[in-house]
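Chains, contacts and geometry: an overview
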Amino acid sequence: MRKKDTAGAPSCSLERLHAIMLATLKAVDGVCRRRNLRYFLMDGTLLGAVRHGGFIPWDDDVDIAMPREDFEVFKAVAQAELGPDYFVQTMETDPAYRLYYIPLKVRDNHSTLVEQYGQNYHQGVYVDVFPLDALTENEARERK
């Protein structure tokens, strides 16, 4: 999508954006509860929850992390459990998506949030999901 492609598109308030992100997080939470998967708020999402009792007023995303084993289960089951209102975006499910540093996003299918102009991947409002990997006690293996 090029920047000019958004001309005339309806905009939404930050409050509406936060409401969509919260609904998406609640949907993710539902999957995690049904599957007994652990996740944690992180970064600005955690700061907003603690300091503001919700979102940082200017924040435009939600970040969560899961232990690797829970992340892999979530990745395998989330699309089927979340249904058609959401898209579980990875480099496998969306070949045009190339944000290697964010391996999984849960996107709302009824919104658009342009992260990067000129990209053809799904750009709905999202929750970022990161895996947490344990470090080994073996120092040489840890450096590797």
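Residues numbered from 1 in each chain as written. Predicted model: local features only at pLDDT ≥ 70, side-chain atom pairs only at ≥ 80, totals over all residues. Heavy atoms only, no water.

1. A word on the pattern of salt bridges
Per the stated rule, a full pass over the model turns up nine salt bridges. Of the charged contacts, one joins Arg 38 and Asp 70 as a salt bridge, the two residues approaching to 2.8 Å between their closest N and O atoms. In this pair, Arg 38 sits in the loop between α1 (14–35) and β1 (40–41) while Asp 70 sits in helix α3 (residues 68–82), placing the two residues 32 residues apart along the sequence. Overall, the relative accessible area of 8% leaves Asp 70 in the buried class. Residues joined in a network through salt bridges with shared partners are Arg 34, Arg 35 and Glu 81. (Salt bridge = Lys/Arg side-chain N within 4 Å of Asp/Glu carboxyl O. Helix = DSSP H or I, 4+ residues; strand = E, 2+ residues; numbered from the N terminus. Buried < 20%, exposed > 50% of the residue type's maximum accessible area, 1.4 Å probe, protein only.)

2. Regarding the nonpolar core
Across soluble globular proteins, nonpolar side chains have a tendency to be buried as a group. With 26 residues, the main nonpolar core has Ile 64, Met 66, Phe 74, Leu 82, Leu 104, Val 106 and Val 129 as its most contacted residues. Contributing elements (two or more residues each) for this core: α1, β2 (62–67), α3, β3 (86–89), β4 (104–108) and β5 (126–132). Excluding residues within four positions of it along the chain, Leu 82 makes contact with Ala 27, Val 28, Val 31, Val 88 and Val 106. Residues Ala 65, Ile 102, Tyr 121 and Phe 130 belong to the second largest nonpolar core, which totals six residues. (Core = buried A, V, L, I, M, F, W, Y, C linked by side-chain atoms within 4.5 Å. Contact = heavy atoms within 4.5 Å.)

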